[in-house]
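Here are the chains, one letter per residue:
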Amino acid sequence: MSASKLGLRFLDSDHEIAKNEGKEISAIFEQSGEERFREMEMEFIKHGHPSHGCLVSCGGGLPVADGMLEILKQRGMVIALWASPETIYQRIQGDSSRPLLQVQDPLTEIKELLAFRESTYLAAEQVVSTEMRSAKVVSELVANAYEVNQISEES
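Described below are features of the structure shown in this document.

Here is what the cut-offs are and how they apply
Residues numbered from 1 in each chain as written. Predicted model: local features only at pLDDT ≥ 70, side-chain atom pairs only at ≥ 80, totals over all residues. Heavy atoms only, no water. Helix = DSSP H or I, 4+ residues; strand = E, 2+ residues; numbered from the N terminus. Rg over C-alpha atoms; globule rule 2.2 N^0.38 Å. Buried < 20%, exposed > 50% of the residue type's maximum accessible area, 1.4 Å probe, protein only. Contact = heavy atoms within 4.5 Å. Areas by Shrake-Rupley, 256 points an atom, 1.4 Å probe, with all protein chains shown as cover. Lys, Arg positive; Asp, Glu negative; His and termini not counted. Charge placed at Lys NZ, Arg CZ, Asp CG, Glu CD. Phe/Tyr/Trp six-rings, centres within 6.5 Å; stacked < 30°, edge-to-face > 60°. Axes fitted to C-alpha atoms, helices over the stretch in contact; angles between N-to-C directions. Parallel < 35°, antiparallel > 145°, perpendicular 65-115°, else oblique. Nonpolar A, V, L, I, M, F, W, Y, C, P; charged D, E, K, R; others polar. Expected span 1.5 Å × (residues − 1). Bend = angle between axes of the 7 residues up to and from the residue.

**Some details on the overall build of the protein**
And step 1. The helix and strand tally for the protein stands at seven helices and four strands.
And step 2. Scanning the protein from its N terminus toward the C terminus, one meets helices and strands in the order β-α-α-α-β-α-β-α-α-β-α.
And step 3. Taken against the 2.2 N^0.38 rule, which gives 15 Å for 155 residues, the C-alpha radius of gyration of the protein at 16 Å falls within 12% of a compact globule.
And step 4. Dimensions of the protein, computed from C-alpha atoms along their principal axes, come out at roughly 50 × 35 × 25 Å.
And step 5. Within the protein, the fraction of its 155 residues that count as buried is 34%.
And step 6. Partitioning the contacts of the protein with sequence separation of at least 6, the portion at a separation of at least 24 is 66%.
And step 7. On the protein, roughly 9,500 Å² of surface is accessible, and the fraction owed to carbon and sulfur atoms is 50%.
And step 8. If you average the places of the 15 positive and of the 25 negative side-chain charges in the protein, the two averages end up 4 Å apart.

**Quick look at the packing of aromatic side chains**
And step 1. Scanning the entire structure with this criterion turns up two aromatic pairs.
And step 2. Judged by centre distance (5.0 Å) and plane angle (45°), the ring pair of Phe29 and Phe37 falls under tilted.
And step 3. Of the residues examined, Phe37 reaches a relative accessible area of 2% and is grouped as buried.
And step 4. Seen from their ring centres, Trp82 and Tyr121 are 6.1 Å apart, and the 80° between their planes marks the pair as edge-to-face. Of this pair, Trp82 sits in strand S3 (residues 79–82) while Tyr121 sits in helix H6 (residues 106–122), placing them 39 residues apart in sequence.

**Thoughts on the packing of helix H1 (residues 13–21) against helix H3 (residues 34–47)**
And step 1. Taken N-terminus to C-terminus, the directions of H1 and H3 make an angle of 105°; their axes are 10 Å apart at the nearest point. Classified by the angle between their axes, H1 and H3 sit roughly perpendicular to one another. Contacts from Ser13, Asp14, Glu16, Ile17 and Glu21 in H1 reach Phe37, Met40, Glu41 and Phe44 in H3.
And step 2. Residues that form the contact of H1 with H3 fall into these classes: four nonpolar, one polar and four charged.

**Examining the environment of Gln74**
And step 1. Considering the arrangement of structural elements, one finds Gln74 in helix H4 (residues 68–75).
And step 2. Counting along the chain gives 71 residues from Gln74 to Ala145, while the straight-line C-alpha distance between them is 17 Å.

**A look at H6**
And step 1. For H6, which comprises 17 residues, the first-to-last C-alpha distance of 23 Å matches the rise-based estimate of 24 Å (1.5 Å per residue) to within 8%.
And step 2. Along its length, H6 shows its largest kink, about 45°, at Phe116.
And step 3. Those residues of H6 that sit buried are Pro106, Ile110, Leu113, Leu114, Arg117, Thr120 and Tyr121.
And step 4. Each element contacted by the buried residues of H6 is listed here: H3, H4, S3, helix H5 (85–92) and strand S4 (126–129).

**A short note on the side chain of Glu16**
And step 1. Locating Glu16 in the fold gives a position in helix H1.
And step 2. Take Glu16: its relative accessible area is 15%, and that puts it in the buried class.
And step 3. Excluding anything up to four places from it in sequence, Glu16 contacts Leu11 and Phe44.

As structure tokens, this is what we get:
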């Protein structure tokens with residue numbers, strides 16, 4: 001089920017930031033640094049999209065900054081997608097668009113990032129495992145979680 005089937009507009013924070021800056025995320029990291037990129041993420045969440053009617057896909061580091069998860073929850077329902085480090089590693093092999101994983105040992109880096117981010121991810125309203133699930137199944141689980149949340153808010 002897609003965002004449009006829920007009556008929502010789909011936005012990807014990384015794609016929107018890259019479009020606004022006129023350069024790829026890896027170039028932003030290289031030229032401006034991670035701190036500046038995180039500032040751009042904050043600006044996007046606060047002012048870069050409509051306040052309602054959107055399904056926003058965020059990069060993995062976005063909710064981790066101090067206070068960011070709370071801001072995200074004020075803006076809407078937060079659903080974290082979860083996978084094991086090994087699954088993430090398999091999925092990103094050959095993907096040079098992830099600046100934090102352009103290291104000698106990406107699997108170790110993934111494990112360290114997940115260990116640091118885990119408590120934030122688990123504080124989302126819903127956590128959806130993506131292990132051994134197709135993108136279609138994951139999108140249906142996300143849509144179902146959203147619909148259940150909408151029903152409970154109306155009650």
